[in-house]
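Here's the letter readout for the chains.
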Amino acid sequence: MTQRALDSSGEHNSGTSRQTMIDAGAELDPVHPVEPPPPAHRAGGLTTAEVAERVARGEVNDVPVRSSRSLTEIVRANVFTRFNLIIGVLWVIMLFVAPIQDSLFGFVIVANTGIGIIQEWRAKKTLDSLAVIGEAKPTVRRDGVAAEISTHEIVLGDVIELGPGDKVVVDGTVAEADSLEVDESLLTGEADPVLKRSGDTVMSGSFVVAGGGAFTATKVGREAYAAQLAEEASRFTLVHSELRSGISTILKYVTWMMVPTAIGLVISQLVVKDNNFKDSVARTVGGIVPMIPEGLVLLTSVAFAIGVVRLGRKQCLVQELPAIEGLARVDVVCLDKTGTLTEGGMDVTEVRPLNGSDEAYVERVLRNFGSSDPRPNASLQAIIDAYPADEGSQGNGGQGAWTVADAMPFSSARKYSGAAFTEADGVSSAWLLGAPDVLLADGDPVLTDIEQLNQQGLRVLLLARAQGELDAPDVAAGATPTALVVLEQRLRPDAAETLRYFADQNVATKVISGDNAVSVGAVAGKLGLAGAENTLDARRMPTDPDEMATAMENNAVFGRVTPQQKRDMVAALQSRGHTVAMTGDGVNDVLALKDADIGVSMGSGSEATRAVAQIVLLNNSFATLPSVVAEGRRVIGNITRVATLFLTKTVYSVLLAILVVCTQVEYPFLPRHLTLLATLTIGVPAFFLALAPNKERAQPDFVRRVMRYAIPSGTIAAAATFTTYLLARHHYSGAGALEAETSAATLTLFLVAMYVLAIIARPYTWWRIGLVAAMGLGFLIVLVVPWLQDFFALKLVGTTMPWTAVGIAVASAVALEFVWRWVGRRFRA
């Protein structure tokens, strides 16, 4: 735990330092009706003894940072499904009435469910460990010392410090306010920041956009306003996604089809046909089991879970699992320049005095400006590094020290900060530091020089002397330009490669920044962003949503963007049907991150951005984003592929059962036959295909995309299989005829299903070809090895029907190829 003493350097509250308030025992509102702390400790925080008393009383902020599913919940979710219930009942029946090989489907389900539990447990542990790494630690005063502690260690009455970007973690009352502006939009929907003064209430879930201060915790734990909302928002979830809702829709329709079909099959096999009872039961179960696409839900959960584990290894925290799916569908990425394309730090390259200003005096102003803000942003930190504050009471050149009379922290909405000083000779002065094109009037000749610097990708701040008080609403009007501060931004070494990746993947990139548009465009141009020359100053951005959407689509770089405009820009793109991802690390990005389809925050970003983002890059590397996109595309694209396999089986199983009921014949298959077919043509291949690389951008309408292929494929497979079965019934007679008929029908169904697998495995790679070949070889081994023939009751009799079965399968393959190509052209998704 890092600690820092509360000193008075640069920390002012209406001219009074925080340490002075602590020493004076400044009065704060009582924290708790029982045993309030002595006044001497209120501004300085609780004592260790008082903290211990509150912990003993249970007055602790015990809301977990993350609420992931417990092992019990994971087991329950994977085991207690309606399809597992159906299969479990059928499995028990088969264990009593048939040989063990007809009960293999039950063991497969047990194994698959076990795999699903293990993978999701691994994902849970990964998420929980990453959540601890990414947990924000508020600064709390105790025993007169400020220290970072975990959120759950906060107790009632703690004094918690606030600065720009900090989230208010519990409810409280403001104890100190230094131009403290709080954004409560996540709670109220109101985007305008609220100025807080001592004694005002702050609510958990809000965050600081400017200024600083401290507040006293008055409600902790589940009593805090946003505690339950925050807990629910960060819950480990697998359900709210188009993919999973699509699968649920499919399963609902499958259930509706399965129930009447299964009833008809039971009546047909047990009542109408006068066969051996146990054999009839086995064939009835053999007809019902393959209708259930039980592996599809499992495989989806496993794919998501493995995706979380893979991303976790790259220090990427997925706060909501559907974010993996969402990024796979993204077609526009909005980037905040600072912290994303550039590193957080900057360097002062030049200070250029204006209007005959004295260079030494300008330097002195800059030295003292840095001490006016206890929480400087990146630009001011660069100035502090270049012009550190004077040490001791003597200033530069033997002059006396300046004192800070007032300060106005930087706000991304107004684009400048301010400080007022009492100089060594007693003269008062007020200064503004910020965007030149905001502080200067249009047409000012200085803007021409600034434009040239911006075109080089340099960032320029204007130091101007204000004429009135800092808190005047028109303080920027009439300010006298004094100097230009030229800053050079440090480009992220991996940014150019990441931008190229998005370009290759047909993902449009929009750079949205609060900086000068020309400067941002120059930076983007250095990184090779296509369209970087198309820049737009957001102050000239149309306000009409439709016109704004057009401007967003026609330009790539936007400067001087306010936080509210970022939010509007995201909404404008979404209105045109785009799936938008927004990256950022500052409080000015929070509104846009929250409204974007996918919000991505840097791990070093403000606590507020991490709270609303679905994905947090804990390693602060923009280069991790392509891995996240690729993982999403792999999961969604591959699940779409394998879903076609599972649902093709469901379609042909339902149609075969209907044909059997209508023609009043024995069901051609035992459970062991369909277990073998499902394992070789679906189960094993689907596992490998679901984890394979896939760079295709995910498309909408999951159900339509899957069923447009599954229905015709299943129909062709059912027709081919039943045709072979009927021909075999006329060809074979006498003892063993049913087994021969089943074997011929099994051969046709396997070959047709293998061709569906071969189509889905495209485009071919060496391992995909090997996978399909291995499955074919496995079936061939079953046909030629005697004990496997007996185990699976598969033996081809004669040559006429086996070759007829092969011929029907070949004709079906031609039909499949034609139908798949026709569907691909006719029903483009």
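No experiment lies behind these values; they were computed from the predicted model shown.

Criteria and thresholds
- Residues numbered from 1 in each chain as written.
- Predicted model: local features only at pLDDT ≥ 70, side-chain atom pairs only at ≥ 80, totals over all residues.
- Heavy atoms only, no water.
- Helix = DSSP H or I, 4+ residues; strand = E, 2+ residues; numbered from the N terminus.
- Buried < 20%, exposed > 50% of the residue type's maximum accessible area, 1.4 Å probe, protein only.
- Contact = heavy atoms within 4.5 Å.
- Areas by Shrake-Rupley, 256 points an atom, 1.4 Å probe, with all protein chains shown as cover.
- 1 Å grid on protein atoms, 1.4 Å probe; cavity = no way out; pocket = protein on both sides within 12 Å on 5 of 7 lines; lining within 4 Å.
- Points joined across faces, edges and corners; volume = space filled by probe spheres on them.
- Nonpolar A, V, L, I, M, F, W, Y, C, P; charged D, E, K, R; others polar.
- Pairing = 2+ DSSP bridges.
- Salt bridge = Lys/Arg side-chain N within 4 Å of Asp/Glu carboxyl O.
- Core = buried A, V, L, I, M, F, W, Y, C linked by side-chain atoms within 4.5 Å.
- Patch = residues over 30% accessible without salt bridge, like charges linked within 9 Å, V, L, I, M, F, W, Y side chains within 5 Å.
- Axes fitted to C-alpha atoms, helices over the stretch in contact; angles between N-to-C directions.
- pLDDT = per-residue confidence, 0-100.
- Parallel < 35°, antiparallel > 145°, perpendicular 65-115°, else oblique.

(A) Region of the structure containing the overall build of the chain. Summing up its helical and strand segments, the chain has 29 helices and 24 strands in all. Each of the 829 residues in the chain was classed as buried or not, and the buried ones make up 57%. Of the contacts formed within the chain by residues at least 6 apart in sequence, a portion of 72% connects residues at least 24 apart. Put simply, the chain shows about 33,200 Å² of open surface, and 57% of that area lies on carbon and sulfur atoms.

(B) View of the side chain of T675. Turning to its location among the elements, T675 is positioned in helix α24 (residues 671–690). With relative accessibility at 11%, the residue T675 sits in the buried group. Not counting residues within four places of it along the chain, the set of residues in contact with T675 comprises L104 and F105.

(C) A look at empty space enclosed by the protein. On inspection of all chains with the given rule, the structure shows 5 cavities of 30 Å³ or more. There is about 120 Å³ of room inside the largest cavity. Around the largest cavity, the lining comprises 16 residues; the ones closest to its centre are G211, S372, D373, P374 and P409. Elements represented by at least two residues in the lining of the largest cavity include exactly β10 (207–219), β14 (403–411) and β15 (416–422). The greatest single-element share of the lining of the largest cavity, amounting to 3 residues, is contributed by β14. In terms of residue class, the lining of the largest cavity is built from 7 nonpolar, 5 polar and 4 charged. Here the second largest cavity is characterised by a volume of approximately 60 Å³. As for the second largest cavity, its lining consists of L645, T648, K649, Y652, T681, I682, A717, A753 and V756. Sorting the residues of the lining of the second largest cavity by element identifies α23 (625–663), α24 and α26 (737–760) as the ones contributing at least two each. With 4 residues, α23 is the single largest residue contributor to the lining of the second largest cavity. Taken together, the residues of the lining of the second largest cavity break down into 6 nonpolar, 2 polar and 1 charged.

(D) Looking closely at the pairing of strand β5 (residues 145–148). Both strand β4 (residues 139–142) and β5 contribute to a ladder of 4 bridges, which runs antiparallel. If you follow R141 over to β5, its bridge partner there is A146. Hairpin connection from β4 to β5: 2 residues lie between these consecutive antiparallel strands, with D143 at a positive phi of about 55°.

(E) Region of the structure containing the pattern of salt bridges. Overall, the coordinates contain 21 salt bridges when judged by the stated rule. Notably, a salt bridge pairs R142 with D158, separated by 2.7 Å at the nearest N-O pair. Note that R142 is positioned in strand β4 and D158 in the loop between β5 and β6 (159–162), a separation of 16 residues in sequence. For E817, the salt bridge is made with R821, and the minimal N-O distance between the two is 3.1 Å. With a gap of 4 residues between them, E817 and R821 both fall in helix α29 (residues 800–826), about one helical turn apart. Each of D437, D537, R539, R540 and R560 takes part in a single network of salt bridges with overlapping partners.

(F) Focus on the nonpolar core. One finds L327, I615, F622 and F779 to be the most contacted residues of the largest nonpolar core, which totals 131 residues. Sort the elements by how many residues they give to this core and α23 lands first, with 16 residues. Once residues within four sequence positions are removed from consideration, I615 is found in contact with C316, L317, A323, L327, I598, G599, V600, S601 and V628.

(G) Region of the structure containing a nonpolar patch on the surface. Residues V92, L95, F96, I100 and F107 make up a contiguous nonpolar surface patch of roughly 510 Å² in combined accessible area. Relative to the assigned elements, V92 resides in helix α5 (residues 82–97). By relative accessible area, which is 44% here, V92 ends up partly exposed.

(H) Just the sheet that holds strand β12 (residues 332–336), in detail. On the basis of which strands lie adjacent, the open sheet formed by 8 strands has the order β11-β24-β23-β22-β12-β19-β21-β20 and mixed pairing. One side of each edge strand has no neighbouring strand; the edge strands of this open sheet are β11 (316–318) and β20 (535–537). Direction aside, the axes of adjacent strands within the sheet are offset by 20° on average. Pairing of β12 with strand β19 (residues 508–512) involves 5 bridges; the strand directions are parallel. If you follow V332 over to β19, its bridge partner there is A508.

(I) Region of interest: the confidence of the model for the chain. Taken as a whole, the chain shows an average pLDDT of 80; of its residues, 86% reach a score of 70 or greater. Predicted confidence for residues 1–42 stays below pLDDT 50, and this span has 83 contacts to residues more than four positions away or in other chains. Low pLDDT (under 50) marks residues 392–399, which in the prediction has 14 contacts with non-local residues, meaning those over four places away or in another chain.

(J) How the structure looks around the packing of α23 against α24. Contact pair α23 / α24: the axes reach a minimum separation of 9 Å and the direction vectors enclose 175°. In terms of axis orientation, α23 runs roughly antiparallel to α24. Residues R634, N638, V642, L645, F646 and K649 of α23 lie in contact with α24, whose contacting residues are A678, T681, I682, A686, L689 and A690. Considering only residue class, the contact of α23 with α24 consists of 8 nonpolar, 2 polar and 2 charged.

(K) Summary view of unusual backbone geometry. Look at the link from R762 to P763: it is a cis peptide, with omega at -5°. The backbone phi angle of N355 is positive, close to 55°, even though this residue is not glycine. With respect to the secondary-structure elements, N355 resides in the loop between β13 (342–353) and α13 (359–370). Of note in the backbone geometry, N506 takes a positive phi value of approximately 60° without being a glycine. Looking at the secondary structure, you find N506 in the loop between α17 (495–504) and β19.

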